[in-house]
Amino acid sequence: MKLISVIVPAYNIEKYIGRCLDSIIAQTYTELEIIAVDDGSTDDTGAVLDGYAKKDQRIKVIHQENLGLSGARNSALKVASGDYIGFVDGDDHIEPAMYETMINSCLENEAEMAICAYRQIGEGIKNREFSGRIIPLSRDEALDIYICDDREFSIYNSVWSRLFKKEIVLGEVFPQGRNSEDIIYTTKAMCKATKCVYVDLPLYDYTASRPDSIMNVKLDERRFSDEIPFLKEQLGIFKENVSEELYFKAVYHYCRRLLFYHNDFKERGMKKSAEKIAKIINEDRPLIEETYGKPFVKDGDKKRMKLFLDSPGRYYLTSKVYEDTVVPLRNNPTGSNSKLSLIGNTAFYAGVILEVLIMFLDKADYINPYEGWMFRISFLLFLIKVICTKYSFREYLLMAVLGIISFISYKVNTKDELVRFVVFLFAMKNIDLKHALKSVFKLSVFAMILLAVLSLTGLLGDVFELYEGYGFKEGSRRICLGLGSSNTFAIMIWALMLLGIYLYHEKMKWWHYAILTVLSFTIYLTTLTRTTLAVMLLTVISAFVMQSSKTLQRSKVLYAAGVVLILAFVGFSIWVACVSNWHLYMPPFAQKLNDILTGRIENVSRFVGGGGYIYNWSLFSSPVCDRYFDMGLIRLFYWYGTIPASTALLLVFMSIRESYRKNDYMGYVMIMMFAVFTVVEAHIVSVYIARNYLMFLVGSCIFTMLAGKKETLEEKTFKEEYFWRFYKTI
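Quick summary incoming for the structure in this document. Quantities reported herein were computed from a predicted structural model and do not represent experimental measurements.

### Some words on the environment of Phe-726
Move 1: On the secondary structure map, Phe-726 appears in the segment after β11 (720–721).
Move 2: The class of Phe-726 is partly exposed, set by a relative accessible area of 30%.
Move 3: C-alpha separation for the pair Phe-726 and Met-670, spaced 56 residues apart in sequence, amounts to 35 Å.
Move 4: Contact partners of Phe-726, with chain neighbours within four places excluded, come to Phe-393 and Tyr-396.

### Considering the environment of Trp-160
Move 1: Structurally, Trp-160 can be placed in the loop between α5 (139–148) and β8 (162–165).
Move 2: Given a relative accessible area of 8%, Trp-160 falls into the buried group.
Move 3: As a C-alpha pair, Trp-160 and Ile-115 span 45 residues in sequence and 9.1 Å in three-dimensional space.
Move 4: Not counting the four nearest positions on each side in its chain, Trp-160 is found in contact with Arg-73, Phe-87, Val-88, Asp-89, Met-98, Tyr-118, Tyr-204 and Tyr-206.

### A closer look at helix α28 (residues 665–680)
Move 1: The end-to-end C-alpha distance of α28, which contains 16 residues, comes to 24 Å, matching closely the 22 Å that a straight helix rising 1.5 Å per residue would cover.
Move 2: With respect to burial, α28 is a largely interior element, 15 of its 16 residues being buried.

### Quick notes on the pairing of strand β2 (residues 32–39)
Move 1: Burial analysis of β2 places eight of its eight residues in the buried class, the great majority of the element.
Move 2: Burial along β2 is two-sided: the face carrying Leu-32, Ile-34, Ala-36 and Asp-38 and the face carrying Glu-33, Ile-35, Val-37 and Asp-39 are both buried.
Move 3: Bridge analysis of strand β1 (residues 4–10) against β2 gives seven bridges, and the strand direction is parallel. Its bridge partner lying in β2, Ala-10 is registered against Asp-38.
Move 4: You can see the chain leave β1, run along helix α1 (residues 17–25) and come back into β2, and the turn it takes is right-handed.
Move 5: By the bridge criterion, six bridges tie β2 to strand β3 (residues 59–64) in an arrangement that is parallel. Note on β3: the bridge partner recorded for Val-37 is Ile-62.
Move 6: Crossover β2 to β3 through helix α2 (residues 45–55) is right-handed.

### Looking at the pattern of salt bridges
Move 1: Per the counting criterion, the structure on display carries 30 salt bridges.
Move 2: When salt bridges that share partners are traced, they join Arg-73, Asp-89 and Asp-182 into one network.

### Here's the deal with unusual backbone geometry
Move 1: Positioned with a positive phi, Leu-481 is a non-glycine residue whose angle comes to about 45 degrees.
Move 2: Examined against the element boundaries, Leu-481 turns out to sit in the loop between α18 (433–456) and α19 (486–504).
Move 3: Looking at Leu-481, the relative accessible area reads 16%, which means it is buried.
Move 4: The phi dihedral of Asn-663 is positive, around 55 degrees, even though this residue is not glycine.
Move 5: Its place among the elements puts Asn-663 in the loop between α27 (642–661) and α28.
Move 6: Overall, Asn-663 belongs to the partly exposed group, its relative accessible area being 31%.

### What to know about empty space enclosed by the protein
Move 1: Evaluated as defined, the whole model comprises three cavities of 30 Å³ or more.
Move 2: Approximately 640 Å³ is the volume attributed to the largest cavity.
Move 3: What lines the largest cavity is a set of 29 residues, among which Leu-636, Ala-648, Leu-649, Val-652 and Asn-692 lie closest to the centre.
Move 4: Looking at the lining of the largest cavity, the elements that each hand over two or more residues are α16 (393–413), α17 (417–427), α26 (632–640), α27, α28 and α29 (693–706).

### Quick notes on the side chain of Asp-89
Move 1: Positionally, Asp-89 belongs in the loop between β4 (84–87) and β5 (93–94).
Move 2: Side chain to side chain, Asp-89 and Arg-73 meet in a polar contact 3.1 Å long.
Move 3: If we ignore the near neighbours within four places in the chain, the residues touching Asp-89 are Pro-9, Cys-20, Leu-69, Arg-73, Trp-160 and Tyr-204.

### Topic: the environment of Thr-42
Move 1: Secondary-structure assignment places Thr-42 in the loop between β2 and α2.
Move 2: Judged by its relative accessible area of 69%, Thr-42 is exposed.
Move 3: Separated by 218 residues in the primary sequence, Thr-42 and Phe-260 have C-alpha atoms spaced 37 Å apart.

### Regarding the packing of α28 against α29
Move 1: Look at α28 against α29: their axes get within 10 Å of each other, and the N-to-C directions meet at 135 degrees. Between α28 and α29, the interaxial angle falls into the category oblique. Between α28 and α29 the crossing geometry is left-handed. Each of Gly-667, Met-670, Ile-671 and Phe-674 in α28 lies in contact with α29, whose residues at this interface are Tyr-693, Leu-694 and Leu-697.
Move 2: For the contact of α28 with α29, the residue count by class is six nonpolar, one polar and no charged.

Conventions used here
Residues numbered from 1 in each chain as written. Predicted model: local features only at pLDDT ≥ 70, side-chain atom pairs only at ≥ 80, totals over all residues. Heavy atoms only, no water. Helix = DSSP H or I, 4+ residues; strand = E, 2+ residues; numbered from the N terminus. Buried < 20%, exposed > 50% of the residue type's maximum accessible area, 1.4 Å probe, protein only. Contact = heavy atoms within 4.5 Å. Expected span 1.5 Å × (residues − 1). Pairing = 2+ DSSP bridges. Right-handed = clockwise from strand over helix to strand, strands pointing away. Salt bridge = Lys/Arg side-chain N within 4 Å of Asp/Glu carboxyl O. 1 Å grid on protein atoms, 1.4 Å probe; cavity = no way out; pocket = protein on both sides within 12 Å on 5 of 7 lines; lining within 4 Å. Points joined across faces, edges and corners; volume = space filled by probe spheres on them. Polar contact = N/O pair within 3.5 Å; in protein donor to acceptor, adjacent residues only side chain to side chain. Axes fitted to C-alpha atoms, helices over the stretch in contact; angles between N-to-C directions. Parallel < 35°, antiparallel > 145°, perpendicular 65-115°, else oblique. Left-handed = near helix turned anticlockwise from the far one by under 90°. Nonpolar A, V, L, I, M, F, W, Y, C, P; charged D, E, K, R; others polar.

And the structure:
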């Protein structure tokens, strides 16, 4: 049997190294030499390695001062005696049949290198499907795939997804003191190999997003000090060792990567780094112009490069418009029909735009005679998205349950918006949550600015609220800027503030939160809305604290407390619904609370028939339960009934769970802020989807939850089909 030397560098990974070594020891191919290098660890990594060496004589341990990943690998290469060389990073692990599959593939196909696919391990990561094929490739075929980054294959720079015959890496070392070290080592080995074999099985398990990983070092430093110099050196290797066509393909894809780096730096606000990329591209202008004249370069890429060379700024803006409008419509998950996907995504975003328009026409000083028809059209658009989307049996089952509840509600109380809401939730399948909410955010900001301009110019709506108000507000001039009331104006500002924090919190600094605090007080001084001020300040403080504390972000207790708090809000709302009808006889503490809440408790039941009084609650509400009042949770139960309302709360609780699982801590903040606000206000308990951001979040969470939790060594998958082939999902 051929001996395989498996090299395992390890530095301060005592939590991970045991799992890694266990996976290597458990290999079905046993002729292994396992060389583990303790690269100057300051924790118990070295002791763990020594313990494993005592258990398995195949394990050799090298202890050395810290030389970095390259230095650790080089030390192991000096003593490796195997016929083949493999690499496993100490914080990753491998599947039991990895090396047996790879060496047999090499021997059967007379290949000097085997390359396998890999699976990323981490919360919220969705891996592609794998075919299981074993594909022999000539050197040039493998290099073409490697250079062109063909997504059908996983032939990347990494050495850990490969098995090298010793002859093709003999004498090669990793460059020390730099990251992205795999690029040159892999490139030289591939150029020396005459034949490779690709195994489309996820035999390597890569631990993604470990906070202290060397891949998480400063971005601009890694790119300018390591990646770009290595890529330039790689081009030199290709120029000497491959055909002219492959060389120019390498230049082409190098340029595409630089364009990505430029836009990524711009997106992150790293202006100087983006300018450095532009300078690098302009320095290579003659070579780029020659490369982009080749027939294999796509016409779209030729136009992009020409635009960049003319003006990097215009290129960035054009790219952003393209990414925000065209790319989401082309989002096409594996296995879906591309035309149906395009039709469905187009219909979805058209529906979102229409919903935003409906909402602001309602807020404007304009009576919209077509609102009913506009709702019907948006329903049909979301339904088209559902028809054009594949679902699993689990998802169809949930769709049936929610569909039955909403249909019964419609038949009992004639309110049809629940049916539209359910269709919207399932239309969220395969939609990028943040992109959808960014669309709502940008359209809403534009609409508010437009209404403000129209009111200031006297064309539509009032600048100040006309009616005098009540209590301390009486006689005050409160701003509304075309939204009809100061309360509505303040609430919309708060909602957009919350949404903006959710979308852009990763870029926010402490002074952004300070500006939002000043904005909150400014809105209060111009609208005199105490409730909204309190929720604005709570939103800013909660978001800032959550973003600043890694402990809180991963605290199960905090997320569980959120569920308990919402249940407490429901209990409080039930109590209010019980006492509101006899508010004149309430005990002093309840009367005081009613005063603090500016009469909201008594207003719940002030209508003929008792309004939201508890006696009017039923499993599915009556058609006469249509009164408007604040106290949103009461309105939810009163308008729709206890079964639909309880179902909605259950979906929210499931979303809290998914937010924890995906570490979407700012999604949790958004849920809790809406929960707090809905106790006293009813902003999101309405017929308007575009102002209820939780529906987007819930719709996204449903599908990550139903997809099943990813296992360490085996990934659960569920067959998905269009509704006309539903039977195939069973």
